[in-house]
Amino acid sequence: MSVSTAAIDPSVCAPLPVLGQDVTVPLVTGGEVTYAALDYAASAPALQRVWDDVAAYAPYYGSVHRGAGYLSQLSTDLFENSRRTVAEFLGCRAEDQVVFTRSTTDSLNLLAAAIPADCQVFVYETEHHASLLPWRDAQVTYLNAPRTPGQAVETLERALADRDPYGPALVCVTGASNVTGELWPVKELAAAAHAHGARIVLDAAQLAPHHPVDIAELDVDWVAFSGHKLYAPFGSGVLAGRADWLQAAEPYLAGGGASRKVARRADGGVDVDWHTTAARHEAGSPNVIGVYSIASACKALTEAGFDSLVAREQELVSRVREGLAEVPEVQVLSLFGDDAPRVGVISFVVRGWNSSHFAAALSAEYGIGVRDGLFCAHPLVRTLLGSDPQDPGECGAPEAEPGERSLNAIRVSFGAGTPDEHIERFLRAVTELVREGAQWKYRTEDGRCVPDRGEVARTV
């Protein structure tokens with residue numbers, strides 16, 4: 001999977017309008033500044049287009065699949081049209097199903113509940129917890145972190161060659177790391193899985209917002225992603241792909257919408273005829289606004305042109321990496337090396353700094369929002385930091401006081417709505433903090449590093 005680094009045409013590749021671009025936040029040093037949202041990997045801001053589409057629909061909101069009234073019929077059409085839009089966005093095959101869920105985590109837990117009882121699952125230790133942890137009832141093989149894309153394929157091939165060749169098997173892999181942003185060799189991993197009789201599910205939570213995802217072209221069996229990372233709020237996600245395991249499994253949730261017919265038996269029990277469509281795993285009143293927001297975002301990204309979006313993002317990636325390289329105290333985390341293609345997700349540590357302290361100073365003194373911690377990918381971050389797997393450290397919780405070494409990292413992430421100024425302010429802030437130190441003193445409070453009000457560390 002390659003990423004274009006073609007020259008940027010500013011008239012074509014301007015940032016997409018997103019909510020919050022004019023929000024100002026207070027600085028601990030005094031005054032206010034426009035907020036620089038550089039935590040896209042956690043939740044991307046909503047596209048203005050998405051917000052406008054949802055606002056236009058909101059007065060017409062009605063129950064889905066359950067009403068004869070005009071608004072219910074309109075909402076049902078909008079819900080099912082959104083399913084077709086997502087299928088087109090993902091390049092789904094004719095026989096694939098698109099199931100709407102709450103998130104990537106929910107999608108992968110749904111699939112975990114649907115795999116055959118004797119299924120063997122293969123997952124790299126580098127995965128986000130959403131794809132590392134759902135397979136509790138399966139026989140799981142955890143694969144060590146590879147150091148090259150080729151090694152990733154070789155590791156999988158060896159593991160699959162050693163398995164029982166007669167039972168079902170599933171490989172779970174990320175498309176782009178939520179820690180390093182590096183792209184994984186998805187198509188090659190899919191080929192390896194299928195060559196050994198296994199299936200593969202792609203965690204596209206960090207890939208879909210930054211890069212085209214085509215199920216047929218990548219030849220993966222399923223794709224999972226979240227709306228809130230795709231510039232679409234309201235708590236919806238997608239699991240798209242092969243229907244057979246989903247149709248054969250018990251409904252993920254039992255209730256209205258999943259059932260076609262329910263009847264009492266003579267012995268007092270209940271017989272249920274479950275749907276075989278996507279509705280089988282969509283019991284309850286669906287989040288029609290969340291689903292519509294995903295469809296709106298899919299349309300907006302497609303119409304903007306992924307080639308242009310990818311090209312501009314690669315320019316931002318290059319700026320950040322070059323700027324951080326000019327600060328010797330900064331160590332950027334990477335599995336595959338400096339030349340690996342990646343999306344706008346970069347994690348780093350700063351020598352002499354507690355990562356939570358550094359992130360707090362970026363926020364309090366510069367109005368920049370980044371993330372610190374282990375990013376719900378504990379084994380991967382510990383591997384990248386060279387720490388023992390048993391060393392302490394939690395997502396977003398500092399284990400050291402300001403100024404002391406921590407086992408956490410700092411993550412900056414950006415995308416289609418990021419203005420150039422946010423990147424330049426971030427790089428300037430990193431340089432100033434490393435060279436001059438924080439202007440304010442900080443303390444740990446309730447597991448977070450926060451400014452100590454009234455305690456100036458240095459004068460400007």
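Definitions and limits used
Residues numbered from 1 in each chain as written. Predicted model: local features only at pLDDT ≥ 70, side-chain atom pairs only at ≥ 80, totals over all residues. Heavy atoms only, no water. Pairing = 2+ DSSP bridges. Helix = DSSP H or I, 4+ residues; strand = E, 2+ residues; numbered from the N terminus. Axes fitted to C-alpha atoms, helices over the stretch in contact; angles between N-to-C directions. Core = buried A, V, L, I, M, F, W, Y, C linked by side-chain atoms within 4.5 Å. Buried < 20%, exposed > 50% of the residue type's maximum accessible area, 1.4 Å probe, protein only. Contact = heavy atoms within 4.5 Å. Parallel < 35°, antiparallel > 145°, perpendicular 65-115°, else oblique. Left-handed = near helix turned anticlockwise from the far one by under 90°. Nonpolar A, V, L, I, M, F, W, Y, C, P; charged D, E, K, R; others polar. Salt bridge = Lys/Arg side-chain N within 4 Å of Asp/Glu carboxyl O. Phe/Tyr/Trp six-rings, centres within 6.5 Å; stacked < 30°, edge-to-face > 60°. Expected span 1.5 Å × (residues − 1). Polar contact = N/O pair within 3.5 Å; in protein donor to acceptor, adjacent residues only side chain to side chain.

Q: Would you mind going over the sheet that holds strand 16 (residues 371–373) in detail, with residue names and values included?
A: If you walk across this open sheet you meet the four strands as 13-14-17-16, and the pairing is antiparallel. Here the strands that pair on one side only, and so sit at the sheet edges, are strand 13 (330–332) and strand 16. For this sheet the average axis-to-axis angle between neighbouring strands, irrespective of direction, equals 30°. Relative to strand 17 (residues 409–413), strand 16 runs antiparallel, the two sharing three bridges. Residue pairing for strand 17: R371 is matched across the bridge by R411.

Q: Can you break down the nonpolar core residue by residue, with the values?
A: The biggest cluster of nonpolar side chains holds 83 residues, and the ones touching the most others in it are L90 and F225. Of the residues forming this core, the biggest block, eight residues, is contributed by helix 9 (residues 288–304). Those residues in contact with F225, other than ones at most four positions away along the chain, are V86, L90, S103, T104, A204, A205, A208, L230, G237, V238 and I294. I346, I410, V434 and C449 belong to the second largest nonpolar core, which has 36 residues in total.

Q: Can you explain the packing of helix 5 (residues 149–161) against helix 6 (residues 186–195)? Please cite residues and give values.
A: In a packed pair of helices, the relevant descriptors are the angle between the two axes and the axis-to-axis distance. One can describe the packing of helix 5 onto helix 6 by two numbers: an axis separation of 10 Å at closest approach and a directional angle of 15°. On the basis of the axis angle, helix 5 is roughly parallel to helix 6. Where helix 5 crosses over helix 6, the handedness of that crossing is right-handed. Mapping the contact onto sequence places A152, V153, L156, E157 and L160 in helix 5 and E188, L189, A192 and A193 in helix 6. Residue composition of the contact of helix 5 with helix 6, grouped by class: seven nonpolar, no polar and two charged.

Q: Describe in detail the pattern of salt bridges, supporting the description with residues and values.
A: On inspection of all chains with the given rule, the structure shows 25 salt bridges. Measuring nitrogen to oxygen at the nearest pair gives 3.9 Å for the salt bridge that ties R342 to E182. Here the residue R342 occupies a position in the loop between strand 13 and strand 14 (345–350), and E182 occupies one in the loop between strand 7 (169–174) and helix 6, the gap between them amounting to 160 residues. The residues R342 and E182 share a single accessibility class, namely buried. Measuring nitrogen to oxygen at the nearest pair gives 3.5 Å for the salt bridge that ties D244 to R242. Look at R242 and you get partly exposed, because its relative accessible area is 30%. Taken together, the salt bridges that share partners define one network made up of R312, E315, R319, D420 and E424.

Q: So what's going on with the packing of aromatic side chains? Which residues, and what values?
A: All chains considered together, the criterion is met by eleven aromatic pairs. Taking the centre distance of 4.9 Å and the plane angle of 85° together, the rings of W353 and F358 count as edge-to-face. Looking at W353, the relative accessible area reads 13%, which means it is buried. In this structure F358 comes out as buried when scored by relative accessible area, which is 0%. By way of ring pairs, the aromatic residues F348, W353, F358 and F426 are connected into one cluster.

Q: Describe in detail the sheet that holds strand 6 (residues 139–143), supporting the description with residues and values.
A: Overall, mixed pairing links the seven strands, which are arranged 4-10-9-8-7-5-6 in an open sheet. Where the open sheet ends on each side, the last strands, each with one partner, are strand 4 (97–101) and strand 6. Neighbour to neighbour, the strand axes of the sheet diverge by 20° on average, direction disregarded. Where strand 4 lies against strand 10 (residues 237–241), five bridges are found, and the strand directions are antiparallel. Bridging from a neighbouring strand, Q97 pairs with G241 of strand 10. Packing of helix 5 onto the sheet brings it into contact with strand 5 (120–124), strand 6 and strand 7, and relative to strand 5 it is tilted by some 160°. Helix 6 contacts strand 5, strand 7 and strand 8 (199–203) of the sheet and is inclined by roughly 155° relative to strand 8.

Q: Can you tell me about helix 11 (residues 355–366), naming the residues and giving the values?
A: Taking 1.5 Å per residue as the helical rise, helix 11 with its twelve residues ought to reach 16 Å, and the 16 Å between its terminal C-alpha atoms agrees with that figure. Burial analysis of helix 11 places eleven of its twelve residues in the buried class, which makes it a mostly covered element. Along helix 11, the residues classified as buried are S355, S356, H357, F358, A359, A360, A361, L362, A364, E365 and Y366. Where helix 11 begins, one side-chain oxygen reaches toward the backbone nitrogen of S356, 2.8 Å away; that side chain belongs to N354. One or two positions beyond helix 11, positive phi appears at G367, with a value near 70°.

Q: Kindly report on helix 13 (residues 420–436), identifying the contributing residues and their values.
A: Compared with an ideal rise of 1.5 Å per residue, which puts 17 residues at 24 Å, helix 13 spans 24 Å between its outermost C-alpha atoms and is within 8% of the ideal. Buried residues of helix 13: H422, I423, R425, F426, L427, A429, V430, L433 and V434, and no others. Where helix 13 ends, the next residue or the one after it, G437, has phi of about 85°, a positive value.

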